[in-house]
Amino acid sequence: MRPLGGGIAQATEALTIDDAAGVRHRLVLQRWIRPGWETDDPGFDPAKEAAVLGRLESTPIPAPPLVAVDPDGSQAGVPALLTVRLPGRRPTVARVARAATLETLGSMLAAIHRVGTDLVGDQVLRAVVPRYEPFGDLARPVIPTATRRPDLWREALAIAGSTAPRAAPAILIHRDYHAWNTLWVADRLTGVVDWTSASWGPPAADLAHLRVDLVVDVSVAAAVTARAAFVAAGGDLANARHHQMRTVFDYLTDRDAAVIDTAAAARLDAFLAVVLQEPDQTG
């Protein structure tokens, strides 16, 4: 048993178990141990993730197979989720920066959304998966003090605060899809993990989350490459500009505008300029 780290509500450990027949099982145990998580984030629960993982097991998406779930803690002492441990490790920043990695990230997200579209009528998931909600609050938007383009931020805030036009029905989205929630063996993507935030929502919101993480951790060019791969794989860009701008402000929620360094502010400035020039829909 060894700790894996990560997660805002759970303790996560890798388990290696040799059973009585001599078969070795490599598993991941997540235990919801943070006091008050049920009130702070009621949608962040193991029962929902277990339902999603169960439905994904027969699809091409490399999500961890479900082994067991204890949604109320009656067996494990706290709510818990047990899954098969997939091969691979989270990528380094240098690996994520490679064009091939970015293209795989974009195309995998489009594949997730194809499956998510097929699951729209699944009544079991309908009962436990919530509707997409933005992570942040635009009532107190954070604009980096170090920005050299306050005009861009004003325009971005106006777009983020607008109501997105009605689009196609919401599908199952990962909701927290980014490079650090993937596993790799060399150049092969072997897993997409952390489905606890799965929601019924717009595909463009999922893409926006991936891209903001890439801008902050890698580069603006990385976000452009991932988007192109998503589109090439058939991804849906409906209302992309709205969701992209909203996600930038969501990402900065509760941060101190004065401590966002000059380099990060410059990357975000450049990214807003790029988003304003990108087509707002596929085609």
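Computed from a prediction, not measured in an experiment: that's the story for all the values here.

K.L.:
Even after reading the chapter, I still don't get the overall build of the chain, so can you show me in this structure?
P.N.:
If you tally the helices and strands in the chain, you get 10 helices and nine strands. In summary, the chain has a C-alpha radius of gyration of 19 Å against a globular reference of 19 Å for 283 residues, a match within 12%. Overall size of the chain, expressed as C-alpha extent along the three principal axes, is 65 × 40 × 40 Å. When burial is assessed residue by residue, the chain has 48% of its 283 residues classed as buried.

K.L.:
How should I be thinking about the packing of helix α7 (residues 203-217) against helix α9 (residues 240-252) in this particular structure?
P.N.:
Helix packing for two helices is described by the angle between their axes and how far apart those axes are. Remark: α7 packs on α9, axes separated minimally by 8 Å, with the N-to-C direction vectors making an angle of 50°. Put simply, α7 runs oblique to α9. Regarding α7 and α9, the two cross each other, and that crossing is right-handed. For the pair α7 and α9, the contacting residues are Ala 204, Ala 205, Ala 208, His 209, Arg 211, Val 212, Asp 213 and Val 216 in the first and Ala 240, His 243, Gln 244, Thr 247, Val 248 and Tyr 251 in the second. Of the residues assigned to the contact of α7 with α9, the class counts are eight nonpolar, four polar and two charged.

K.L.:
What should I look at first to understand the layout of surface pockets in this one?
P.N.:
To find the voids left in a structure, one rolls a probe of water-molecule size over its atoms. A volume near 1000 Å³ is recorded for the largest pocket. Taken together, 34 residues line the largest pocket, and the ones lying closest to its centre are Gly 5, Arg 90, Asn 181, Val 193 and Asp 194. At the level of elements, β2 (10-18), β3 (24-32), α2 (46-56) and β5 (80-84) are the ones that each hand at least two residues to the lining of the largest pocket. Taken together, the residues of the lining of the largest pocket sort by class into 13 nonpolar, 11 polar and 10 charged.

K.L.:
What's the story with the side chain of Thr 147 in this structure? I'm lost.
P.N.:
Counting through the fold element by element, Thr 147 comes out in the loop between α5 (123-128) and α6 (150-161). Reaching out from Thr 147, the side chain makes a polar contact with the backbone nitrogen of Arg 149 at a distance of 2.9 Å. One polar contact links Thr 147 to Trp 153, side chain to side chain, over a distance of 3.2 Å. Every residue in contact with Thr 147, bar those within four places of it in the chain, is listed here: Trp 153, Ala 265 and Asp 269.

K.L.:
Looking at this model, I keep getting lost on the nonpolar core. Mind explaining?
P.N.:
Trp 195 and Leu 214 are the most contacted members of the largest nonpolar core, which totals 63 residues. Put simply, the parts of the chain that give this core at least two residues each are α2, α4 (99-118), α6, β8 (188-192), α7, α8 (220-232), α9 and α10 (262-277). Excluding its chain neighbours within four sequence positions, the residues that come into contact with Leu 214 are Val 96, Leu 102, Ser 219, Ala 222, Ala 223 and Ala 226.

K.L.:
Just to check I follow, could you spell out the side chain of His 113 for this structure?
P.N.:
Along the polypeptide, His 113 turns up in helix α4. Here His 113 falls in the buried class, since its relative accessible area comes to 5%. Those residues in contact with His 113 that lie beyond four places of it in its chain are Ile 171, Leu 172, Ile 173, Pro 203, Asp 206 and Phe 230.

K.L.:
Honestly, the pairing of β8 in this entry has me stumped. Any pointers?
P.N.:
For a regular strand, side chains alternate in direction, first toward one face of the sheet and then toward the other. The buried fraction of β8 amounts to four of the five residues, a majority that puts the element mostly inside the structure. As paired elements, strand β7 (residues 182-185) and β8 share four bridges and run antiparallel to each other. The residue of β8 that forms the bridge with Val 185 is Arg 188. In this structure, the hairpin formed by β7 and β8 is closed by a connection of two residues, where Ala 186 is found at a positive phi of approximately 55°.

K.L.:
For this particular structure, what's the right way to read α4?
P.N.:
For an α-helix the count is 3.6 residues per turn, leaving residues at separations of three or four pointing the same way. The terminal C-alpha atoms of α4 lie 29 Å apart, and with 20 residues this matches the ideal 28 Å at 1.5 Å per residue to within 8%. Burial in α4 covers these residues: Thr 101, Leu 102, Leu 105, Gly 106, Met 108, Leu 109, Ala 110, Ala 111, Ile 112, His 113, Val 115 and Gly 116.

K.L.:
I'm lost on empty space enclosed by the protein in this one. Help?
P.N.:
Under the definition given, this model contains two cavities of 30 Å³ or more. By volume, the largest cavity amounts to about 60 Å³. Of all the secondary structure elements, the ones that give two or more residues to the lining of the largest cavity are α7 and α9. The element best represented in the lining of the largest cavity is α7, accounting for four residues. In terms of residue class, the lining of the largest cavity is made up of seven nonpolar, one polar and five charged. Roughly 30 Å³ of volume is contained in the second largest cavity. Lining the second largest cavity are Asp 137, Leu 138, Arg 140, Pro 141, Val 142, Phe 249, Asp 250 and Thr 253. Each residue belonging to the lining of the second largest cavity can be placed in one class, and the counts come to four nonpolar, one polar and three charged.

K.L.:
What should I look at first to understand the pattern of salt bridges in this one?
P.N.:
Pairing between side chains of opposite charge can happen when their charged atoms approach one another. Applying the stated criterion across every chain, the model contains 11 salt bridges. With a closest N to O distance of 2.5 Å, Arg 55 and Asp 122 form a salt bridge. Here Asp 122 lies in the loop between α4 and α5 and Arg 55 lies in helix α2, a separation of 67 residues in the sequence. In this structure Arg 55 comes out as partly exposed when scored by relative accessible area, which is 31%. By relative accessible area, which is 15% here, Asp 122 ends up buried. Three or more residues joined by partner-sharing salt bridges are found here, namely Arg 95, Arg 98 and Asp 187.

Cut-offs used in this document
- Residues numbered from 1 in each chain as written.
- Predicted model: local features only at pLDDT ≥ 70, side-chain atom pairs only at ≥ 80, totals over all residues.
- Heavy atoms only, no water.
- Helix = DSSP H or I, 4+ residues; strand = E, 2+ residues; numbered from the N terminus.
- Rg over C-alpha atoms; globule rule 2.2 N^0.38 Å.
- Buried < 20%, exposed > 50% of the residue type's maximum accessible area, 1.4 Å probe, protein only.
- Axes fitted to C-alpha atoms, helices over the stretch in contact; angles between N-to-C directions.
- Parallel < 35°, antiparallel > 145°, perpendicular 65-115°, else oblique.
- Left-handed = near helix turned anticlockwise from the far one by under 90°.
- Contact = heavy atoms within 4.5 Å.
- Nonpolar A, V, L, I, M, F, W, Y, C, P; charged D, E, K, R; others polar.
- 1 Å grid on protein atoms, 1.4 Å probe; cavity = no way out; pocket = protein on both sides within 12 Å on 5 of 7 lines; lining within 4 Å.
- Points joined across faces, edges and corners; volume = space filled by probe spheres on them.
- Polar contact = N/O pair within 3.5 Å; in protein donor to acceptor, adjacent residues only side chain to side chain.
- Core = buried A, V, L, I, M, F, W, Y, C linked by side-chain atoms within 4.5 Å.
- Pairing = 2+ DSSP bridges.
- Expected span 1.5 Å × (residues − 1).
- Salt bridge = Lys/Arg side-chain N within 4 Å of Asp/Glu carboxyl O.

Read these as layout, nothing more, since geometry by itself doesn't imply function.
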